[in-house]
Amino acid sequence: MGLESKMGGIITTQLDKVVNWARKNSLWPMPFGVACCAIEMMATLCSRYDMSRFGAEVIRFSPRQSDLLLVSGRISIKMMPVLTRIYEQMPEPKWVISMGACCSSGGVFDTYTLIQGIDQFLPVDVYIPGCPPRPEALLDALMFIQKKISTERIQDRIHGN
Amino acid sequence: MSRLENEKLLSLLQEMMGDLIVNHHDFRGLLSVDIHGKDILTLVSCIHQDSRLNFPLLVDVSGVDYLEYDDEACLERFAVIYIFYSIVHDCRIKIRAFVPESDPAIHSIYNEYKGADFTEREVYDMFGIRFIDHPNLKRILMPEDYGSNPLRKDYPLKGLGERSQFPKYNIYNKIEND
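Cut-offs applied
Every chain begins its residue count from 1, and numbering advances along the sequence as written. Chain labels run from A onward and ligand labels from 1 onward, assigned in the order the entries are written. Per-residue local features are limited, in this predicted model, to residues with pLDDT of at least 70; the limit for side-chain atom pairs, both in listing and counting, is 80 or more; totals at the level of whole chains, interfaces and linings are taken over all residues. Excluding hydrogens and water, the side-chain values take into account all heavy atoms of the structure. Every case where a carboxyl oxygen of Asp or Glu lies within 4 Å of a side-chain nitrogen of Lys or Arg is listed as a salt bridge. Only runs of H or I of at least four residues qualify as helices and only runs of E of at least two qualify as strands under DSSP, and these elements are numbered from the N terminus. Partly exposed residues are those whose accessible area sits between 20% and 50% of the maximum for their type, while under 20% is buried and over 50% is exposed, using a 1.4 Å probe and protein chains only. Two rings from Phe, Tyr or Trp (for Trp, the six-membered ring) form a pair when their centres are within 6.5 Å of each other. A pair whose planes differ by under 30 degrees is stacked, one over 60 is edge-to-face, and the rest are tilted. Note on definitions: a residue-residue contact is assigned when non-hydrogen atoms from the two residues lie within 4.5 Å. The quantity reported as buried area is the accessible area (1.4 Å probe) lost by two parts once they are put together, taken as the sum for both. Throughout, the ten residues Ala, Val, Leu, Ile, Met, Phe, Trp, Tyr, Cys and Pro are labelled nonpolar, Asp, Glu, Lys and Arg are labelled charged, and all others, Gly among them, are labelled polar.

Student: Which parts of the structure should I look at to understand the pattern of salt bridges?
Tutor: Pairing of side chains with opposite charge becomes possible as their charged atoms draw close. Residue and element names in this part refer to chain B. Following the criterion strictly, the structure yields 12 salt bridges over all chains and no others. Of the charged contacts in the structure, one is a salt bridge between D65 and R77, with a shortest N-O distance of 2.9 Å. Here D65, found in strand β3 (residues 57-65), pairs with R77, found in the loop between β3 and β4 (78-86); they are 12 residues apart in sequence, far enough to count as distant. A single burial state applies to D65 and to R77, both of which are buried. What emerges from the salt-bridge pattern is a single network uniting D65, R77, E101 and D154.

This is the structure:
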């Protein structure tokens, strides 16, 4: 806006704060529910746990309109290219939650066809343990993401850096 | 029409097939018939077309790997198992067709039973048994460039590194390069 140069660096911090405040309170999740964790995810979105209290109620089934990828369930080697593609389609800035044991480490499915942790292929921000995790755990992970967003700088999230 | 008893069914089959039936046994009321894989079309066309037998429904096709099996009834390493059901007679029959390890191939029964399409593809995917004359024989569960047959007994549970050598399954590069 041209204000930054006139105010000697102070405004940059303030801009970060304003932008981060907006980002962290309007996370739009892209649900990638492929197994039983998705049931808990749905419970978290419904009225009892109500994720909209944290500004993340607008579930978008289009990756192009969302900034939080919620991977919940086991991912097979045939599914992983699809997931990677969805992640690539999401606009920056974007964050990833790996929900549940299967998604984070393969879980009990230590077999030939399952990805042993999606962090081999995607940059995961928060892992949630549990099989499946309680809705409270998902809310906790969301608050972790919010905490992480509030410490970020705008430059960190420019695409290509 | 009344229920077809197993003894009657077996005698009808033996009358039509003769020596081609290598072995048979009855387990909890289910008649099981062993044959060599090369005779499958003869047997299947019998039970499909003969009016006395009349088995119009294919229940399932599956594969078995008898590696390290200490059983004389196992003629070869692999077997393809077919289960048929007769609605009129209210009875089932299990056919076990043995397939050699050296040339794991058997004739497809797609021309007799259209329902064999996907199940035969699954057996091909999991055991590497080829189905001759199948109209669309390609992998159904695993990625198309997956090199192994996971349900073979000599295939390790954790695979041969396919799950970690993932980038070769990046199907999108193929699309973008076209």
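Student: Please clarify how the packing of aromatic side chains should be interpreted in this entry.
Tutor: All names here are of chain B. Here the structure, examined in full by the defined rule, presents five aromatic pairs over all chains. Centre to centre, the rings of Y66 and F98 are 6.0 Å apart; their planes meet at 40°, and the pair counts as tilted. Residue Y66 is located in the loop between β3 and β4, and its partner F98 is located in strand β5 (residues 91-99); the two are separated by 32 residues in the primary sequence. Of the two residues examined, Y66 and F98, each falls in the buried class. Measuring from centroid to centroid gives 4.9 Å for F84 and Y113, while their planes differ by 40°, and the two rings are tilted. One end of the pair, F84, is in strand β4; the other, Y113, is in the loop between β6 (105-107) and α3 (116-127), with 29 residues separating them in the sequence.

Student: What am I meant to see in the interface of chain A and chain B here?
Tutor: When the parts of a complex come together, some accessible area is lost, and that lost area is often used as the size of the interface. Each side of the interface is counted separately: chain A has 15 residues, and chain B has 20 residues. Of the roughly 1500 Å² buried between chain A and chain B on both sides combined, carbon and sulfur atoms contribute 64%. Ranking the residues of chain A by area buried against chain B places A:I77, A:K78 and A:Y112 at the top, with a combined share of 46%. Counting the contacts that link chain A with chain B gives one salt bridge. By residue class, the composition of the side of chain A that touches chain B is eight nonpolar, four polar and three charged.

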